[in-house]
Amino acid sequence: MDIVFRKLPDGRHDIVVRDRKGPDVRLAPTATGPTLPHDLAHAAVEDALGITDGFWGAMAQGATFEGFETVEPTRHRRSGLKVLRRKGDAVMRAELSVNWAYRVWSGLSTQGRGVGRSPLDDRETALATAALDRAAERWSRVAEGEALTWRW
């Protein structure tokens, strides 16, 4: 599966996902955030930690998440929901892991009210933050209007 992150003006990006089970999908332009697209952080951390059943693993199997639309009109809209029903718990674990790694990497507080316990051990945190460093470096080299392709 190819995940194409295109850098747009005004701190925005869009995504096209190709060669997966199910139709190609795209995410309309959205805010990138302070450093890199959230979904690129997912790709980097899930890959580094060997998470094959998280957000991008589910997407590869045909899941379609909120905000993603098919590139070409199709009548197979409900098949992605079946994948999410089967993979939902794993996707949520991946979400928590990526968010924790991003929190550590960004220097945000990892203690205090509402933060919770880390879903990652020290080794996993080190792997994930190094992956975020590499992803941020790759993203910073992408010029406006150009794209970064992540092979899943």
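The structure under discussion appears in the preceding block.
In this report, the structure presented in the accompanying data block is examined. Going along each chain's sequence as written, the residues are numbered from 1 onward. Restriction of local features to residues with pLDDT of at least 70 applies here, the model being predicted, together with a cutoff of 80 or more for giving and counting side-chain atom pairs; totals for whole chains, interfaces and linings are based on all residues. Values shown for side chains rest on all heavy atoms present in the structure; no hydrogens or waters enter the calculation.

### Considerations on the overall build of the protein
Across its full length, the protein carries four helices and five strands. Each helix is a run of H or I in the DSSP string that is no shorter than four residues. Each strand is a run of E no shorter than two, and both are numbered from the N terminus. Secondary structure elements in the protein, listed N-terminal to C-terminal, are β-β-β-α-α-β-α-α-β. In summary, the protein has a C-alpha radius of gyration of 15 Å against a globular reference of 15 Å for 152 residues, a match within 12%. Each principal axis of the C-alpha atoms in the protein carries an extent, and together these give about 45 × 40 × 25 Å. Sequence-distant contacts in the protein: of pairs separated by 6 or more residues, those separated by 24 or more amount to 61%. All radius of gyration figures rest on C-alpha atoms, and the globule criterion is 2.2 Å times the number of residues raised to 0.38. Here, two residues are considered to be in contact whenever any of their heavy atoms come within 4.5 Å of each other.

### Some thoughts on the side chain of Arg-20
Inspection of the secondary structure puts Arg-20 in the loop between β2 (12-18) and β3 (25-31). Polar contact is the term for a pair of N or O atoms within 3.5 Å; when the atoms are in protein, one must be able to donate a hydrogen and the other to accept it, and sequence-neighboring residues count only if both atoms are side-chain atoms. In this structure the side chain of Arg-20 is engaged in a polar contact, spanning 2.7 Å, whose partner is the backbone oxygen of Pro-23. Among the polar contacts listed, one links the side chain of Arg-20 to the backbone oxygen of Met-59, at a separation of 2.8 Å. Not counting chain neighbours up to four residues away, the residues in contact with Arg-20 comprise Met-1, Val-25, Met-59, Ala-60, Gly-62, Ala-63 and Thr-64.

### Brief notes about unusual backbone geometry
Unlike most non-glycine residues, Asp-10 shows phi in positive territory, near 60°. Mapped onto the fold, Asp-10 is located in the loop between β1 (2-8) and β2. Residue classification places Asp-10 among the exposed positions, given a relative accessible area of 74%. Positioned with a positive phi, Asp-19 is a non-glycine residue whose angle comes to about 60°. Only protein chains enter the accessibility calculation, which uses a 1.4 Å probe; a residue whose area is less than 20% of its type maximum is buried, one above 50% is exposed, and one in between is partly exposed.

### So, the environment of Arg-103
Along the chain, the position of Arg-103 falls in helix α3 (residues 79-106). Apart from the residues within four sequence positions on either side, Arg-103 is in contact with Leu-108, Ser-109, Thr-110 and Val-115.

### Topic: the packing of helix α1 (residues 38-49) against helix α4 (residues 122-140)
Taken N-terminus to C-terminus, the directions of α1 and α4 make an angle of 140°; their axes are 8 Å apart at the nearest point. If you check the angle between α1 and α4, you find them oblique. Of the two possible hands of crossing, α1 and α4 adopt the one that is right-handed. The segment α1 lies against α4, with Leu-40, Ala-41, Ala-44, Val-45, Ala-48 and Leu-49 engaging Glu-124, Leu-127, Ala-128, Ala-131, Leu-132, Ala-135 and Trp-139. Lines fitted to C-alpha atoms define the axes here, with helix axes fitted over just the stretch in contact, and angles between the N-to-C directions of these axes take values from 0 to 180 degrees. Here the angle decides the label: under 35 degrees means roughly parallel, over 145 means roughly antiparallel, 65 to 115 means roughly perpendicular, and every other value means oblique. Here a crossing is taken to be left-handed if its near helix is turned anticlockwise relative to the far helix by less than a right angle, and right-handed if that turn runs clockwise.

### Describing the nonpolar core
Formed by 37 residues in total, the largest nonpolar core has its most connected members in Phe-5, Val-17, Trp-56, Met-59 and Phe-68. Only β1, β2, β3, α1, α2 (55-60), α3, α4 and β5 (147-151) provide two or more residues apiece to this core. In terms of residues, this core owes the most to one element, α1, which gives six residues. Discounting residues that sit within four places of it in the chain, Phe-5 has contacts with Asp-14, Ile-15, Pro-37, Asp-39, Leu-40, Trp-56, Trp-139, Glu-146, Ala-147, Leu-148 and Trp-150. Definition used in this section: a nonpolar core is a set of buried Ala, Val, Leu, Ile, Met, Phe, Trp, Tyr and Cys residues joined via side-chain atoms within 4.5 Å.

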